[in-house]
Amino acid sequence: MLNIMAISLKGIFRDRIFQGIMGLAVLFLFIPSAASLSMRQVTELSITLSLSLISFIMLLLAVFLGATSIWKDIERRYTYSILSLPLSRTAYLLGRFLGIALFMLLTALFLGGVAMLAIKVASVLYPPARPVLWIAVLASILYGTLKYILLVAVSMLLATVSTSFFLPVFGTICTYLAGSITQQVYDYLHTPAAVKAISPIMKQAALFFYYLLPNLSAFDLKVNAIYALPLNASGLLMTALYFIVYTSVLLAAGAILLGRREMK
Amino acid sequence: MNAIDISGLCKQFKGKKMTRVDALKNLDLQIVPGEVFGYLGPNGAGKSTTIKCLMGLIRPTAGTATIMGEPVGSVASRTKVGFLPENPAFYDYLSAEEYLRFVGKTFRMPEALLSRRTDETLKLLELWDARKRPMRGYSKGMVQRVGLAQTMIHDPDLYILDEPMSGLDPIGRALVKEIILDLKKRGKSVFFSTHITDDVEKVCDRVGVIVKGQLEALDSVENIVRKGIEGYIVQTRLGQGEHDSLKGFNITRRNETFVEYFVPVAGFNEFIALAGHHSVEVTLVETKRKDLESFFLEIVRKGNS
C-alpha cells in the first residue's frame, strides 16, 4: 500500500495537469495589491482572497486527481499489471487515495505558507482593526484540505464503478455543489416558513439527501479566519470525526465495489 | 503439487440484448512444475479469459483453479507468479528501473537483492541504456521487454505470459525464446498463450488448443510431432540396381542422377527391403510430417464445425 502511495505521489508531481494547476499559485503575488483596492478592510480581503484561491486550487486538484487516478489506471490498462501483483484491491485503492491525500496536504502546506506570507504583507502595509487570528487562518486551511480530501474519496468511489471520465468528474463537482448547501437546506427545513411551504414527502427526501451527501459547510472556517472569530474546539473535533467516519465509509464502499469489478 | 490446477472452469460474459456468451466451458488443465506449456487458440477463443481468471482479474462463473496450491484471486496465489499481460501498459511516467524497483518492493524483496536483480534483468532484456528514461518514450517492443523484466525480477517458480512475443521483432522473439528455454532449464514452469505455432514447437513441452472456450486438444509437442509423420521422402541414385522393383511407390521428383520417392510410414520397411534386394542405393531419407501449424488449423477447423 505504501508502495502504491509512493508511486502515486511521484506520478502527481510529474503530471502536467498538476503543474498547470499549481501555476495558479502565482496569483498569490497579486493578493496584497488586489486587496488594497478595498480601502478599509485590506487584511480581511487579503485573507478572503488567499483562502478562496487555495480553495479553488484544491478543488481543481481534488476533482482531477481523484477522478482520474483510478479511472485512468483502468482505461489505460495499468490495472492489469498492478492488480496482478501480490496486492489486494483494497490496498491498491487505499494506496492511491493516501498518495493523493498526502499530496493535497503537502500542497495545502505550501499554498498555506504562501498565503500567510501574502496576508502578513497586507497586514503590515495596512494594519487591520482586529489583529489577524493566525490559528483560525491555519484551521481554515487545514479543514478546507480535509474537505477536499473527502471529495477525493467521493471521486474515487465514483471511479470504481464508472467506465468513463464523466461520472467521476461531474459526479464529484455535483457532490461538491450539493454538499456545500445541504446544511442551509437542513436549516431552512426547520424554520416555521418551511413547515408550511414544503410537503412532508419533499421534506423527507431533502433530509435523506442531507444525511446521504457530505456536509461540506461544516469544514468552512473562512468567517472565523477573516473576522478573527474564536474557534469552537468541540465543533472542530466533531468535524474531524465526521471527516474520518465519512471518508472511511466512502473508501470501504469503494473497496467493495472495486473488489467486485471485473477487469475485462 | 501442480503449478496450475484448473478444474471445471467456466466463464460467462453478458452479451448484447441480454444474451450470455460462454467464454470458457468446463476447462480442466494441469501444469506440472518445470513444464513449459503453450496455450494456443484463435482470437477470441478464451486464452486471455483463462489467464485473467488465473490472475484474479475476473471471477470465474463456475469451477476452481489454484496456483501452487493457492486459490486464484488470493494475494497468496499472486506471490508465486510472474505475469505478463497481453499488450502490457505500465505507469509511463516511471522509468523501467523505477518500475522494476516498484514491482520488487511489492514482492517484498530485500534491498540488496532487488538492486542486483534489477540491474541483471535490465541488462538481460537489453534495457540498460534506456533504464532512466520515462517509459512514455519507449517503443512497443521495449514496453514488452519491460513486461518480461517485471515477471522475472523476483525469480518466481511460475510464469504466466499472455502473448509474450507480441510486438517484438525477430531479434526480440529469439531473445524471449532463449529466456523461456533458460527458465525451463532452471526448472521453472511457464504457461504462455500465443498464436504463433512455431514458437510453441521450439520451446514447449506440452500444448493445449482452445477453440470457442473449449479445450479441443491437449498433448505433448513430441507426440504431436510423432503423430504428424505422414511418411518419408527417400532418394535413390539412378544407374544402379533395378529401379523398376520400386514402381509401386510414388515418385515425387526425378532428375538425371536421382529419383525421389514418397514412402508411407507403413511401406517404409518394404521399400528398404526391396531397395536392398535389387541393389538400389538409398542416398537420403527425410521424414515428411505435418507441422504444428497444420495440427493447430485442423483442431480449429474441427472445433469451429
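Each chain has its residues counted from 1, following the order in which its sequence is written. Following the order in which they are written, the chains are lettered starting with A and the ligands numbered starting with 1. Residue-level local features of this predicted model are given only where pLDDT is at least 70; pairs of side-chain atoms are given and counted only at 80 or more, and the full residue set underlies all totals for whole chains, interfaces and linings. Note that the side-chain values use all heavy atoms of the structure and ignore hydrogens as well as water.

**Student:** Outline the pairing of strand β3 (residues 36-40) of chain B, supporting the account with residue identities and numerical values.
**Tutor:** Residues and elements named next belong to chain B. Burial status follows relative accessibility: with a 1.4 Å probe on protein chains alone, a residue under 20% of its type maximum counts as buried, one over 50% as exposed, and anything between as partly exposed. Numbering of helices and strands runs from the N terminus; a helix is a DSSP stretch of H or I covering at least four residues, while a strand is a stretch of E covering at least two. Burial analysis of β3 places five of its five residues in the buried class, the great majority of the element. Alternating residues of β3 divide into V36, G38 and L40 and F37 and Y39, and every residue in both groups is buried. In the sheet, β3 pairs with strand β8 (residues 189-194) via five bridges, with the strands oriented parallel. If you follow G38 over to β8, its bridge partner there is F192. Note: two strands are recorded as paired if DSSP finds a minimum of 2 bridges between them.

**Student:** For the sheet that holds strand β6 (residues 81-84) of chain B, give the residues involved together with the corresponding values.
**Tutor:** Residues and elements named next belong to chain B. Pairing is mixed in the open sheet, where six strands are placed in the order β6-β7-β8-β3-β9-β10. In this open sheet, the two strands that pair with only one neighbour each are β6 and β10 (214-220). Averaged over all pairs of adjacent strands, the angle between their axes in this sheet comes to 15 degrees, without regard to strand direction. For β6 and strand β7 (residues 158-162), the ladder comprises four bridges, and the chain directions are parallel. In the strand pairing of β7, L84 is matched with L161. What makes two residues a contact is simply this: any of their non-hydrogen atoms within 4.5 Å. Axis geometry follows a simple rule: fit a line to the C-alpha atoms, using only the stretch in contact for helices, then measure angles between N-to-C directions, giving values from 0 to 180 degrees. Lying on the sheet, helix α6 (residues 170-185) is in contact with β3, β7 and β8; it crosses β8 at an angle near 150 degrees.

**Student:** Which residues make up the packing of aromatic side chains, and what are the values?
**Tutor:** Stacked, tilted and edge-to-face pairs are distinguished by plane angle, under 30 degrees for stacked and over 60 for edge-to-face with tilted covering the rest, among Phe, Tyr and Trp rings (Trp via its six-membered ring) whose centres lie within 6.5 Å. Under the counting rule described, the total for this entry stands at 21 aromatic pairs over all chains. Centroid distance B:Y232 to B:F268: 4.6 Å. Interplanar angle 45 degrees. Geometry classified as tilted. You can see B:Y232 sitting in strand β11 (residues 229-237) and its partner B:F268 sitting in helix α9 (residues 268-277), a full 36 residues away along the chain. On the basis of relative accessible area, B:Y232 is assigned to the buried category, the value being 18%. What links up through ring pairs into an aromatic cluster is the set A:W71, A:F165, A:F166 and A:F170. Only lysine NZ and arginine CZ atoms are considered, and such an atom sits over a ring when it is within 6 Å of the ring centre and within 35 degrees of the ring normal. Against the face of B:W128 rests B:R131, its NZ or CZ located 3.7 Å from the ring centre.

**Student:** I'd love a proper account of the sheet that holds strand β1 (residues 4-14) of chain B, names of residues and values included.
**Tutor:** Residues and elements named next belong to chain B. Strand order in the open sheet made by the four strands is β2-β1-β4-β5, with antiparallel pairing throughout. The open sheet has two free edges, formed respectively by β2 (20-31) and β5 (70-71), since each of these has just one partner strand. As paired strands, β1 and strand β4 (residues 62-67) are joined by five bridges and run antiparallel to one another. If you follow I6 over to β4, its bridge partner there is A65. Of the strands in this sheet, β1, β2 and β4 are in contact with helix α1 (residues 47-54), which crosses β1 at around 115 degrees.

**Student:** Tell me what's going on with the interface of chain A and chain B, and back it up with residues and numbers.
**Tutor:** The partner chain B presents 28 residues to the 30 residues of chain A that form the contact. Buried area: the sum, over both parts, of the accessible surface (1.4 Å probe) that disappears when the two are put together. For the chain A and chain B pair, buried surface summed over both sides reaches about 2,700 Å², with 56% attributable to carbon and sulfur atoms. By definition, a salt bridge exists where a carboxyl oxygen of Asp or Glu is found within 4 Å of a side-chain nitrogen of Lys or Arg. Our count for the contact surface shared by chain A and chain B stands at three salt bridges. Notably, a salt bridge pairs A:E262 with B:K11, separated by 2.7 Å at the nearest N-O pair. We define a polar contact as two N or O atoms separated by no more than 3.5 Å, with the added condition that, inside protein, one atom must be a possible hydrogen donor and the other a possible acceptor, whereas residues neighbouring each other in sequence contribute only through side-chain atom pairs. Linking chain A to chain B there are 19 residue pairs in polar contact (both at pLDDT 80 or more). Looking at the side of chain A that touches chain B, the elements that each hand over two or more residues are α1 (2-13), α5 (78-82), α6 (89-125) and α12 (233-260) of chain A. Per element, the largest residue contribution to the side of chain A that touches chain B is six residues, and it comes from α1(A). The classification used treats Ala, Val, Leu, Ile, Met, Phe, Trp, Tyr, Cys and Pro as nonpolar, Asp, Glu, Lys and Arg as charged, and all other residues, Gly among them, as polar. Taken together, the residues of the side of chain A that touches chain B sort by class into eleven nonpolar, eight polar and eleven charged.

**Student:** Got a sec to walk through the pattern of salt bridges? Specific residues and values, please.
**Tutor:** As enumerated under the stated definition, the model contains 18 salt bridges over all chains in all. A salt bridge links A:R14 to B:E98, with the nearest nitrogen and oxygen atoms 2.8 Å apart. Note that A:R14 is positioned in the loop between α1 and α2 (16-22) and B:E98 in helix α3 (residues 96-106), a pairing that runs across two chains. Through salt bridges that share partners, B:D155, B:D157, B:D182, B:R186 and B:K188 make up one connected network.

Don't take any of this as a statement about function, it's just geometry.
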